[in-house]
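Below, each chain spelled out in residue letters.
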2 protein chains.
Amino acid sequence: MSSATLNTDALSQRLADSGLRSTPQREVVYDVLLKKRDHPTADEVFARVKNGLPTISLATVYNCLETLVQCNLVRAVNFERGPTRYCPNLLPHAHFHDEKTGKTHDIDLPADLLEKVNSVLPPGYNPSSVEIIFRGKATGEVASSG
Amino acid sequence: MSSATLNTDALSQRLADSGLRSTPQREVVYDVLLKKRDHPTADEVFARVKNGLPTISLATVYNCLETLVQCNLVRAVNFERGPTRYCPNLLPHAHFHDEKTGKTHDIDLPADLLEKVNSVLPPGYNPSSVEIIFRGKATGEVASSG
DNA sequence: CTTGCACCTTAGAACCATTCCAATTTGTTG
DNA sequence: CAACAAATTGGAATGGTTCTAAGGTGCAAG
Ligand SMILES: [Mn+2]
Ligand SMILES: [Mn+2]
Ligand SMILES: [Zn+2]
Ligand SMILES: [Zn+2]
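Residues numbered from 1 in each chain as written. Chains lettered and ligands numbered in written order. Predicted model: local features only at pLDDT ≥ 70, side-chain atom pairs only at ≥ 80, totals over all residues. Heavy atoms only, no water.

Q: I'm lost on the interface of chain A and chain B in this one. Help?
A: How big an interface is tends to be stated in terms of accessible area lost as the parts join. In this complex, chain A contributes 39 residues to the contact, which on the side of chain B involves 39 residues. Carbon and sulfur atoms make up 59% of the area that chain A and chain B hide from each other, which totals about 3,100 Å². Per-residue buried area on chain A facing chain B is highest for Arg81(A), Tyr125(A) and Phe134(A); these three make up 22% of the total on that side. Where chain A packs against chain B, one counts two salt bridges. Salt-bridge contacts for Arg135(B) lead to Glu131(A); the nearest nitrogen and oxygen are separated by 3.6 Å. For the pair chain A and chain B, the number of links is 15 residue pairs in polar contact (both at pLDDT 80 or more). Residue assignment for the side of chain A that touches chain B shows that the elements contributing at least two residues are strand 4 (104-108), helix 5 (111-118) and strand 5 (125-138) of chain A. Element by element, the count of residues in the side of chain A that touches chain B is highest for strand 5 of chain A, at 14 residues. (Contact = heavy atoms within 4.5 Å. Buried area = accessible area lost by both parts, 1.4 Å probe. Salt bridge = Lys/Arg side-chain N within 4 Å of Asp/Glu carboxyl O. Polar contact = N/O pair within 3.5 Å; in protein donor to acceptor, adjacent residues only side chain to side chain. Helix = DSSP H or I, 4+ residues; strand = E, 2+ residues; numbered from the N terminus.)

Q: I keep staring at the coordination of the zinc ion (ligand 4) and nothing clicks. Help me out?
A: Think of it this way: four donors in a tetrahedron around the metal ideally sit 109.5 degrees apart, and six in an octahedron ideally sit 90 or 180 degrees apart. Residue and element names in this part refer to chain B. At the metal site, the zinc ion (ligand 4) is ligated by His39 (NE2), Cys87 (SG), His93 (NE2), His95 (NE2) and Asp106 (OD), and these contacts range over 2.1 to 2.4 Å. One chain supplies every donor for the zinc ion (ligand 4), spaced along it as H-x47-C-x5-H-x1-H-x10-D. Judged by relative accessible area, Cys87 falls into the buried class, the value being 1%. Accessibility expressed as a relative area gives 4% for His93, which makes it buried. (Donors = N, O, S within 2.8 Å, 3.2 Å for Na, K, Ca; no water. Buried < 20%, exposed > 50% of the residue type's maximum accessible area, 1.4 Å probe, protein only.)

Q: How should I be thinking about the protein's contact with DNA strand C in this particular structure?
A: Of all residues adjacent to DNA strand C, which total 17 residues, the nearest are Arg21(A), Thr23(A), Thr60(A), Tyr62(B) and Thr84(B). Within 4 Å of the protein, the contacting atoms of DNA strand C are 77% sugar and phosphate, with bases supplying the remainder. In the environment of DNA strand C, a phosphate oxygen lies 3.2 Å from a nitrogen or oxygen atom belonging to the backbone of Ser57(A). Mapped onto the surface near DNA strand C, the elements with two or more residues apiece are helix 2 (24-35) and helix 4 (58-70) of chain A. It is helix 4 of chain A that contributes the most residues to the surface near DNA strand C, three residues altogether. Across the surface near DNA strand C, the residue classes tally to five nonpolar, seven polar and five charged. (Near = heavy atom within 4 Å. Nonpolar A, V, L, I, M, F, W, Y, C, P; charged D, E, K, R; others polar.)

Q: Would you take a moment to explain the nonpolar core for this structure?
A: The nonpolar side chains of a soluble globular protein tend to be buried with one another. Ranked by internal contacts, the top residues of the largest apolar core, which has 25 residues, are Val117(A), Ile132(A), Phe134(A), Val117(B), Ile132(B) and Phe134(B). Looking at this core, the elements with two or more residues in it are strand 3 (93-98), helix 5 and strand 5 of chain A together with strand 3 (93-98), helix 5 (111-118) and strand 5 (125-138) of chain B. Among all residues touching Ile132(A), those that are not within four sequence positions of it are Ala94(A), His95(A), Leu109(A), Val117(A), Val117(B), Val130(B), Glu131(B) and Ile132(B). (Core = buried A, V, L, I, M, F, W, Y, C linked by side-chain atoms within 4.5 Å.)

Q: What exactly am I supposed to notice about the state of the cysteines here?
A: One covalent bond between the sulfur atoms of two cysteine residues makes up a disulfide. For the coordinates displayed, the defined rule picks out zero disulfides over all chains. Between Cys64(A), a cysteine without a disulfide, and Cys71(A), which holds the nearest cysteine sulfur, the sulfur-to-sulfur distance is 11 Å. (Disulfide = S-S within 2.5 Å.)

Q: I'm lost on the protein's contact with DNA strand D in this one. Help?
A: As a matter of local geometry, DNA strand D sits amid 16 residues, with Tyr62(A), Thr84(A), Arg21(B), Thr23(B) and Thr60(B) nearest to it. Among the atoms of DNA strand D lying within 4 Å of the protein, the sugar-phosphate backbone contributes 77%. Between DNA strand D and Arg21(B), the relevant distance is 2.8 Å, taken from a phosphate oxygen to a main-chain nitrogen or oxygen of the residue. Contact between DNA strand D and Thr60(B): a phosphate oxygen at 2.5 Å from a side-chain N or O atom of the residue. Those elements giving two or more residues to the surface near DNA strand D turn out to be helix 2 (24-35) and helix 4 (58-70) of chain B. With three residues, helix 4 of chain B is the largest single contributor of residues to the surface near DNA strand D. Residue classes in the surface near DNA strand D are distributed as five nonpolar, seven polar and four charged.

Q: I would appreciate a short explanation of the domain arrangement of chain A in the present structure.
A: Residue and element names in this part refer to chain A. Taken domain by domain, chain A comprises domain 1 (3-85) and domain 2 (91-145). Each of domain 1 and domain 2 has a C-alpha centre, and the two are 23 Å apart. With seven residues of domain 1 in contact, the opposing surface of domain 2 contributes nine residues. For the pairing of domain 1 and domain 2, the buried interface totals around 790 Å² over both sides, and the portion due to carbon and sulfur atoms is 50%. Area buried by domain 1 at its contact with domain 2 is led by His39, Arg75 and Phe79, which between them contribute 67% of it. (Domains from an automatic or database assignment.)

As structure tokens, this is what we get:
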């Protein structure tokens, strides 16, 4: 069984769990996100998806992306007021936005750090999510994560 | 000497340092931000500023806000793709966005926590800023910070 | 089957925060 | 004062996203 099939199955499963249908558009959008994890914008996803599905519309790409976010298969990430970017990395992680190249890097967050971060909240604050965004320059050749 | 005069002086000083002029518009915009620290949007600042300066334009409010951010007297804060909000709190702090009320709360960040957060970055990553945003519900009556 | 109906996709219009533009006003300097 | 630069203004333009209305798709009940 190919990994594309596994992904597709996982997707169908999640969609079904939410009472939604698996469609070619949703599958291809999800595949595109898994294949190149460089935090593409909706426009970039649109361009990539058209290779496999030339008649898809931008509206549908937005719809599919929102569906994937709703199903918790993808995270939406924003930097300032730039276009929303999409990330299939479901592990807790921060983002490093390289001001020089415009590239976005995933930064793994150990559970104990998340705990410490949450501990700065006074009693009564009940966070449902935390987001950590670094901005700066990533010098030289550093590891993975598009 | 009133505190408004002190603020105005601090502002003039910073502007002069950047080779910029102190203007009534810039002063009133800055005063509005200092007076009610609830992270207003440009539109909200516009509405408040019109009380003291009825003929000011929205474009000027945007210009003034950008100037204040450039001079490091004010921070611009973004939540998702909502309108940019403005914050005169210059201490290192995170933001808690209350999903119920829409209100934004400042959360002080101890220096040692910032250090720990920065320490998750692999070598080669050179951050110029970090931003921490909590999202959730703030239950009951909790301290200050609009 | 086949009809009903909800779900999906689509193109294009609408939206809205922000930026840009050209014209005017203001302030500083010689 | 005159000249010039900086700042303000109203309105147009921008651009990512959402909305709308119309058609397509596919499971489900009869
Ligand atoms: Mn960016
Ligand atoms: Mn908000
Ligand atoms: Zn990511
Ligand atoms: Zn703040």
